[in-house]
Amino acid sequence: MMNIIKTRDNGTLTIALEGRMDITTAPDLEKEIKDLDGVTELIFDLEKLTYISSAGLRVLLLAQKKMNKQGSLKVIHVNEMVMEVFVTMGFADILTIE
Amino acid sequence: MYAAGMALLQMVGLSEKAMNYPDELSDGQKQRIAIARTLAMDPEIILFDEPTSALDPTIVDEVQSVIRELTKTGKTMMIVTHEMKFARAICNRVFYMDGGGIYEDGTPEQVFDNPKRENTRRFVRRLKVLELNIESRGYDFLGMAAEIRQYCDKNQISPKLFNRIRFVFEELVQQMLLPKLESPHIQAVIEYSEADGQAMMTVRYNGEPYDVLEHGDDLSRAMLKGNTKDITYDAAAFDDFTNCLTLVFTEKQ
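Here goes a summary of the coordinates provided. Everything quoted here is computed from the prediction, not taken from an experiment.

### Brief notes about the packing of aromatic side chains
Applying the stated rule across the entire model yields four aromatic pairs over all chains. Ring geometry for Tyr96 of chain B against Tyr103 of chain B: centres 5.8 Å apart, planes inclined by 75°, an arrangement best described as edge-to-face. By relative accessible area, which is 16% here, Tyr103 of chain B ends up buried. Against the face of Tyr51 of chain A rests Arg20 of chain A, its NZ or CZ located 4.5 Å from the ring centre. A cation over an aromatic ring shows up here: Arg117 of chain B above the ring of Tyr103 of chain B, its NZ or CZ 3.9 Å from the ring centre.

In structure tokens:
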């Protein structure tokens with residue numbers, strides 16, 4: 001149960017995630033970020049993300065790795081619950097969070 | 001003889017069934033008749049071996065109240081039971097059995113309120129705990145998450161601690177154990193101690209010995225470690241479980 005909403009504006013791709021990103025839904029996002037041709041800025045909007053498990057974190061890491069080669073990645077609108085996971089897991093230092 | 005028999009039926013509340021055949025009685029009524037039959041022998045001591053264990057929960061009360069009534073006659077009775085409330089209410093001496101023998105004994109107050117030994121303490125505390133059982137991959141995942149939330153709300157566990165418990169439970173079950181176990185059987189027991197604000201989760205699972213702390217993937221292990229104060233793994237067998245993880249949570253780690 002996760003909605004993935006993509007908005008493309010030239011080189012900027014915004015992906016808004018809604019719902020739960022866990023072992024069952026994270027593969028959906030993984031598919032979406034397979035092809036990032038021409039994307040120089042990737043933005044994850046996590047405002048409506050209610051849950052993130054390690055499977056979700058893994059996909060974010062993968063996206064970060066890809067974008068390191070071709071541009072930048074940032075995560076926006078991180079709610080308190082997801083933020084705590086980022087902090088606990090040391091992701092707050094790896095990701096650019098706005 | 002007839003009068004004595006009728007008096008006993010009266011005592012178990014079944015005098016109007018005197019002329020009925022056994023198959024016309026409910027399970028609870030049959031159990032009460034069995035008690036009357038025992039009393040007819042006028043024994044010095046009555047032994048009850050789990051008198052309510054095979055009964056439908058709705059009729060446990062009727063059998064228990066007959067036994068409760070019997071205590072008033074002053075007859076010595078020894079009851080083997082898992083119904084702790086019942087044991088506490090009617091006994092004047094409690095023997096807690098564990099490891100093939102008497103583990104601790106005393107008055108109900110001693111055993112239930114001030115247990116001296118570890119297993120008794122855990123058992124008694126476990127009365128307030130939440131137990132979750134997963135017996136298939138298709139278990140009601142959302143229902144279980146709701147149960148954890150309810151348990152935390154009821155015990156006034158802080159949202160922070162609740163989040164940690166939920167993350168670890170999900171990570172462990174969904175991410176680490178279910179993909180690994182061939183025919184999963186997982187039991188999670190959550191205990192919360194108000195006194196020190198600490199929660200403990202004991203997770204038992206079947207299959208080959210599998211220490212998730214050793215073999216789980218990096219992120220999952222970090223998720224577990226980051227959200228707990230302490231984790232220990234033990235390959236000890238217990239019922240049909242072969243693995244046991246004990247996780248301790250505090251608000252500040």
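Once the structure has been displayed, the description carries forward.
### Examining unusual backbone geometry
All names here are of chain B. If you check the backbone angles, Asp42 has positive phi at about 45° while not being a glycine. Mapped onto the elements, Asp42 comes out in the loop between α2 (27-40) and β1 (45-49). Positive phi is not limited to glycine here, since Glu50 has a value of about 45°. Mapped onto the elements of the fold, Glu50 is located in the loop between β1 and α3 (57-71). Note on Glu50: relative accessible area 28%, which makes it partly exposed.

### A look at the pairing of strand β7 (residues 198-205) of chain B
All names here are of chain B. Of all the eight residues making up β7, six are buried; the element is thus mostly covered by neighbouring parts of the structure. As paired elements, strand β6 (residues 186-193) and β7 share eight bridges and run antiparallel to each other. For Glu191, the partnering residue across the bridge sits in β7 and is Met200. Two strands pair when backbone bridges link them, and β7 and strand β9 (residues 243-249) are joined in this way by seven bridges, in the antiparallel orientation. Within β9, the residue paired with Tyr205 across the bridge is Asn243.

The rules behind the values
Residues numbered from 1 in each chain as written. Chains lettered and ligands numbered in written order. Predicted model: local features only at pLDDT ≥ 70, side-chain atom pairs only at ≥ 80, totals over all residues. Heavy atoms only, no water. Phe/Tyr/Trp six-rings, centres within 6.5 Å; stacked < 30°, edge-to-face > 60°. Buried < 20%, exposed > 50% of the residue type's maximum accessible area, 1.4 Å probe, protein only. Lys NZ or Arg CZ within 6 Å of the ring centre and 35° of its normal. Helix = DSSP H or I, 4+ residues; strand = E, 2+ residues; numbered from the N terminus. Pairing = 2+ DSSP bridges.

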